[in-house]
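What the coordinates show
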Amino acid sequence: MRALGRALQRLLAAAAVLLFVLVLAFAALGSLAGANSDDGPLVAPQIHATPAERQLMRESLGLDRPLLMNADVPTAARTARRAWARVVSELERLEATGSLLEVAPLLSAFPSRELQTLDAKHSALALALRELARCAPLSGASRAGVRAVSTAVAEACQRLEAQGQAALSLAGLKPTAPEREQQLEQAALACAQGNESEEQRRWISVAGCAALPHLARAAEVAQEPRAQVLWDRVREVAAIQVPAGSDPRAFTQRWWRRHADEFTPAGGLESIARSLSSSRCGMWIAMALRGDFGESTRHQRPVAEVLRERLPATMRTGWLALVLILALAIPLALLQLRARARLRLVCDGATAVALAVPETVVAVLALIVLEPARGNEWIAAGVLALGGIFYFAAHLRVRLEEVLAEPWVFALRMRGVKGQRLIFRHLLLPALSPVVTLTASALPLLVSGSVVVETMFGVPGMGSAAADATLHGDLPLAMSAIALGGAATLISWWLAEVVQIVLNPPRAARGVSA
Amino acid sequence: MNTTRAHWVWILLTGALAPVAFAPLLCNELPLLAGGASPLSPALWGLAPRDLLGMALWCAGVCVLCGRGRWALALIVVSLLASLALPLERVGATAASDVLLHCPVPYSAESVDRELSSASVHWLGTDRYSRDLLALLVYGTRDSLLCALLVTLMVTALGTVSGAWTALVRTPWSTTVMRGLQALDAFPALLAVLVLQSLCRPSFMLMLGWLVLFRWPSQHRLVQGEVRRLEGEAWCAAARSDGASWWGLLRHEMLPHLRAMLTTHAALNVALVLAMESALAWLGFGVPAPAVSLGALLRQGQDDLPFVTPLLLTSLALICGLCFAAVLLGRRRTPAEESGHS
């Protein structure tokens, strides 16, 4: 019971540390210049930006999509502010490179058709862009100019919120949220039945995004042709852009299923969870825990896809190395245990050499001597395993010597149990605890791979992917590899604890490691 | 001084490392002594921070061997402070009218022999960029060793203090620090340092900082475990009941018991950091150019494969030799060996 409690305690500690690892990874990723976008680092157009680069920046900043803004929904207002903060931080970065003046007219061209929808005319972004177009050329490329625009936008956001509240009051909607929700629900149901009043139509119009959940619910239960009208209304309020060739209704329904949570009010613990997960850090962690690490800038594909593609090679190499280590370390330890003094001295020397020589050197020597073909996983696994074989064998030998000195082994010897029977039937299992711990410590190798060995032998695994990402500035992929390696390490530590508890409960419960 | 076999090993090692530590006086295109307008020797006049730190660390090693630990500490602190005032790169030749004495190898790691002098001028020959091989190896070894030793020194100091603090003082702060270091320990260190190095402007000091950051948790964990074990001893309880603070307890009571373990781990740390630095330099993120390190030389030698060049062989041998020496020096001696030596 005590051991189980200890395992659970360790699991909780590992979960806390895992969360901290992810936060650290996010902080490293987020503190980088140009990494303020949720979609990864932005591509900054230079002085002579091509139309394609400008389009890329528009997409990176989210300016090609309508901003879902409603003065009545605080989260939407926060979203707008966050979107603008991203624009400002990117502008500050561009200003440092002297290309702000190039970007200002680019942004000023944006209040286009999609920003003129029902909600977008209230949007902070439209205002912000107008402010920017007005201020930026006057202020030149100065930092003070950008700050002035930023302040103006923040004030505009506050003004819009106040205006939104006033508009709701004027429309006759109840000021408190539950009552307002009830009113909106009744209005949406009336719309579904086709008997809505003029006042209810106005409520739906003013409430904008706040009415979306009710409209969508009503559209799901309504008969044709009202359902079609309601889905069109949802599309209009949410300013959904339907790609060419798609069925507008089917696309809107799919879009709503993905985004419904953002518009549905929540209470209690769910509201806290949603509030936490709406922060950038929270969103990144939630995405990372779901296996979604964003987009790789080098491969132009989701990071998860790249990682999935690379993982098998790393796991194959890692397993091979692990099997080699276990298959050779145990006989080597037994050989050292039974060897005479001179042979033991040779073994000690070989162990010292194998432990001292770095992996990089062994890999280069293997390249010189064996001249392996590119991507040879056997040689890579051998290089990875070399140090481990001697390391495992040394620990196992020490433990075997400890076990040999125990009184119960003496008793067994007195009863005539000797030789191989003594070792294989009685000694090996109790002496395996360091092997278990060391095997667990080697498990992260199966996930994160070895940067040097994989790069040197051209194994298309996680390690070489991470090194390649680092060399080419693909931060989402590099940081994801690090976070994944960290998570694998923590999980392997916990697994080692649990296996120790299973193998030797009293020793593990006392907190004695192998 | 009680000169044991271990002492002799240390004395021999220190002697062997002297040419590496005083590399600017051994391999330099600037003259050692010059007459005329400049009374100072130009080679000493144009020292870079790494040159100064290398010499200071060697002198500190000599002080430790002579039993003057405090002098060594003072020397390291002063040289660290002085290195901040020096220019980052070696200053070029000063105006010296009469050269009285040249350095034995008249090339530094950065100098290229544009005149393609005969083989007799270059003791070990040149690399493909016509740089003197001996100068490259001496400076490469110096920079790799300097990195390993400085990181080990800082990690040992930081890890000992933080490990003892979290073990002896149980407050929410110490628990937070402990969990933070545990989280840091979970990161794949080489990959994390690689990414961080790639993000910042390459710098020797910054690389040291990243290496210290990711080696610190393991030292912390080790010291914490050892201090917790020692905390249960009767003498420790007695010191506590006398009102000793955690710092006093660590400094006066525990440090003598921890010394053997710290020395062993420090030697192993040197080998580990050497290996890490070699891997980083091999991947192109080590000591920034034009400085060289053994990993960068290994990479350069490997690029010439399938031709096995002297550069490749010597850099391989040096990395292996240094790591092996560190592991051997760190090997904890058994009680029988201890009694045999003293």
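What you are looking at is a predicted structure, and each value in this text was computed from that prediction instead of being measured. (Residues numbered from 1 in each chain as written. Chains lettered and ligands numbered in written order. Predicted model: local features only at pLDDT ≥ 70, side-chain atom pairs only at ≥ 80, totals over all residues. Heavy atoms only, no water.)

**Thoughts on the pattern of salt bridges**
Here the structure, examined in full by the defined rule, presents ten salt bridges over all chains. The partner of Glu 224 of chain A in a salt bridge is Arg 249 of chain A, with the nearest N and O atoms 2.4 Å apart. Within this pair, whereas Glu 224 of chain A is found in the loop between helix H9 (212–221) and helix H10 (226–237), its partner Arg 249 of chain A is found in helix H11 (residues 248–263), the two being separated by 25 residues in sequence. For Arg 240 of chain B, the salt bridge identified is with Glu 231 of chain B, shortest N-O distance 3.7 Å. Look at Arg 240 of chain B and you get partly exposed, because its relative accessible area is 34%. Look at Glu 231 of chain B and you get partly exposed, because its relative accessible area is 22%. One connected set of salt bridges, linked through shared partners, spans Asp 51, Arg 142 and Asp 143 of chain B. (Salt bridge = Lys/Arg side-chain N within 4 Å of Asp/Glu carboxyl O. Helix = DSSP H or I, 4+ residues; strand = E, 2+ residues; numbered from the N terminus. Buried < 20%, exposed > 50% of the residue type's maximum accessible area, 1.4 Å probe, protein only.)

**Considering the packing of helix H6 (residues 133–168) of chain B against helix H11 (residues 246–282) of chain B**
All names here are of chain B. It is the contact of H6 with H11, at a shortest axis distance of 8 Å, that shows an interaxial angle of 145 degrees. In this structure, H6 crosses over H11, and the sense of that crossing is right-handed. The class makeup of the residues in the contact of H6 with H11 is 21 nonpolar, five polar and one charged. (Axes fitted to C-alpha atoms, helices over the stretch in contact; angles between N-to-C directions. Left-handed = near helix turned anticlockwise from the far one by under 90°. Nonpolar A, V, L, I, M, F, W, Y, C, P; charged D, E, K, R; others polar.)

**Describing the packing of aromatic side chains**
All names here are of chain B. Per the stated rule, a full pass over the model turns up three aromatic pairs over all chains. Taking the centre distance of 6.5 Å and the plane angle of 90 degrees together, the rings of Phe 187 and Phe 214 count as edge-to-face. Taken together, the residues span a long stretch of sequence, with Phe 187 in the loop between helix H7 (172–186) and helix H8 (189–199) and Phe 214 in helix H9 (residues 204–231) at a distance of 27 residues. Like Phe 214, Phe 187 is buried. Aromatic side chains Trp 246 and Trp 247 sit 5.9 Å apart centroid to centroid with 75 degrees between the ring planes, which places their arrangement in the edge-to-face category. Here Trp 247 falls in the partly exposed class, since its relative accessible area comes to 42%. One Lys or Arg, Arg 299, reaches over the ring of Trp 282 and ends 4.3 Å from the middle of that ring. (Phe/Tyr/Trp six-rings, centres within 6.5 Å; stacked < 30°, edge-to-face > 60°. Lys NZ or Arg CZ within 6 Å of the ring centre and 35° of its normal.)

**Considerations on the nonpolar core**
Membership of the largest hydrophobic core comes to 129 residues, with the highest contact counts inside it found for Phe 457 of chain A together with Leu 211 of chain B. It is H6 of chain B that contributes the most residues to this core, 14 residues altogether. Leave out the neighbours within four places in its chain, and Phe 457 of chain A touches Ala 363, Ala 366, Leu 367, Pro 372, Ala 373, Arg 374, Gly 375, Asn 376, Ile 379, Ala 380 and Val 383 of chain A. Ranked by size, the runner-up nonpolar core spans 24 residues in total, among them Ala 188, Ala 207, Ala 210 and Trp 256 of chain A. (Core = buried A, V, L, I, M, F, W, Y, C linked by side-chain atoms within 4.5 Å. Contact = heavy atoms within 4.5 Å.)

**Remarks on a nonpolar patch on the surface**
There is a patch of nonpolar side chains on the surface, built from Leu 73, Val 77, Leu 81 and Leu 84 of chain B and spanning about 450 Å² of accessible area. Topologically, Leu 73 of chain B is positioned in helix H5 (residues 69–85). (Patch = residues over 30% accessible without salt bridge, like charges linked within 9 Å, V, L, I, M, F, W, Y side chains within 5 Å. Areas by Shrake-Rupley, 256 points an atom, 1.4 Å probe, with all protein chains shown as cover.)

**Considerations on the environment of Arg 217 of chain A**
All names here are of chain A. Here Arg 217 lies in helix H9. For Arg 217, a relative accessible area of 40% puts it in the partly exposed group. Once the C-alpha coordinates of Arg 217 and Leu 189 are considered, the two residues, 28 residues apart in sequence, prove to be 8.5 Å apart.

**A short note on the interface of chain B and chain A**
When the parts of a complex come together, some accessible area is lost, and that lost area is often taken as the interface size. Opposite the 32 residues of chain B that make contact, chain A presents 36 residues. A buried area of about 2,900 Å², summed over both sides, lies between chain B and chain A, and 89% of it is on carbon and sulfur atoms. Counting the surface chain B buries against chain A, the share from its top three residues, Ala 186, Phe 187 and Leu 191 of chain B, is 18%. At the surface where chain B touches chain A, the tally comes to zero salt bridges. Where chain B packs against chain A, one counts one residue pair in polar contact (both at pLDDT 80 or more). Taken together, the elements giving at least two residues each to the side of chain B that touches chain A come down to H7, H8, H11, helix H12 (294–303) and helix H13 (310–330) of chain B. Residue classes in the side of chain B that touches chain A are distributed as 26 nonpolar, four polar and two charged. (Buried area = accessible area lost by both parts, 1.4 Å probe. Polar contact = N/O pair within 3.5 Å; in protein donor to acceptor, adjacent residues only side chain to side chain.)

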